[in-house]
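Report on the structure
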Amino acid sequence: MPRTQEGNHLPDLSRYIAPAGTALDAGRCPVRDVLDRLGDKWTTLILLQLAEGPKRFAALNRGVPDISKRMLTQTLRTLERDGLVERTVFPTKPPSVQYELTETGLSLMTPLGGLLAWAESRHGDIRAARVAYDSTEVAPAE
């Protein structure tokens, strides 16, 4: 039976955990593959900008002001490669480019929204835990 936390049943996550003594082929793991993308510094912030609707490069750059143009370009290319973002070039002089979420990208917004809501509701707890941890003498890990 799954563990419970505050009376809630946790989902069965055993299929995502390699059994003891076995090696997990990380290169073929869909969970790691997707979480690697979402866990980078910029992806979620860019996806949130595009969740509001299609945007041009400059608008995305203003929406995530601390990202460099090079990193924004690289992240958008990776998101396009993953099928989360679609890039449309309009034949104007000079050409204009617009980015928007694909159907797959849109489908990510629901679980991502849950994670963001959790992060917002637990942020105070996490910050307090960090302060408490940092204020104690911790033995080095071996």
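Residues numbered from 1 in each chain as written. Predicted model: local features only at pLDDT ≥ 70, side-chain atom pairs only at ≥ 80, totals over all residues. Heavy atoms only, no water.

1. Focus: the pairing of strand β4 (residues 85-90)
- Of the strand pairs in this sheet, β4 and strand β5 (residues 96-101) are connected by six bridges, and their pairing is antiparallel. By the bridge assignment, Val85 is partnered in β5 with Leu101.
- Counted between consecutive antiparallel strands, the loop separating β4 from β5 contains five residues. (Pairing = 2+ DSSP bridges. Helix = DSSP H or I, 4+ residues; strand = E, 2+ residues; numbered from the N terminus.)

2. Some points on the packing of helix α2 (residues 43-51) against helix α5 (residues 103-134)
- Put simply, α2 and α5 touch, their axes get as near as 12 Å, and they point 120° apart. Classified by the interaxial angle, the pair formed by α2 and α5 is oblique. Considering how the two elements wind past one another, α2 and α5 form a crossing that is left-handed. Contact residues: Thr44, Leu47, Leu48 and Ala51 in α2; Leu108, Met109, Leu112 and Leu116 in α5.
- For the contact of α2 with α5, a count of residues per class yields seven nonpolar, one polar and no charged. (Axes fitted to C-alpha atoms, helices over the stretch in contact; angles between N-to-C directions. Parallel < 35°, antiparallel > 145°, perpendicular 65-115°, else oblique. Left-handed = near helix turned anticlockwise from the far one by under 90°. Contact = heavy atoms within 4.5 Å. Nonpolar A, V, L, I, M, F, W, Y, C, P; charged D, E, K, R; others polar.)

3. Side note on the pairing of β5
- Judged from the two bridges that link them, strand β3 (residues 55-56) and β5 form a sheet pairing that is antiparallel. Bridge pairing in β5 places Arg56 opposite Gln98.

4. Some words on the packing of α2 against helix α4 (residues 69-81)
- It is at 10 Å that the axes of α2 and α4 come closest, and there the two elements cross at 75°. Relative to α4, the element α2 is oriented roughly perpendicular. Here α2 contributes Thr43, Ile46 and Leu47 to the contact with α4, which in turn contributes Leu72, Thr75, Leu76 and Leu79.

5. Section: the nonpolar core
- Core analysis: the largest hydrophobic core is formed by 19 residues, its most contacted members being Ile46, Leu47, Leu50, Leu76, Val85 and Tyr99.
- Of all the elements in the fold, those that place two or more residues in this core are α2, α4, β5 and α5. (Core = buried A, V, L, I, M, F, W, Y, C linked by side-chain atoms within 4.5 Å. Buried < 20%, exposed > 50% of the residue type's maximum accessible area, 1.4 Å probe, protein only.)

6. Observations concerning the sheet that holds β4
- On the basis of which strands lie adjacent, the open sheet formed by three strands has the order β3-β5-β4 and antiparallel pairing. Edge positions in the open sheet fall to β3 and β4, since each of these has one partner strand only.
- Contacting β3, β4 and β5, α2 crosses the sheet at an angle of about 95° to β5.

7. Overview of the side chain of Thr43
- Its place among the elements puts Thr43 in helix α2.
- Thr43 sits in the buried class, given a relative accessible area of 0%.
- Polar contacts involving the side chain of Thr43 include one to the side chain of Asp40, which spans 2.7 Å. (Polar contact = N/O pair within 3.5 Å; in protein donor to acceptor, adjacent residues only side chain to side chain.)

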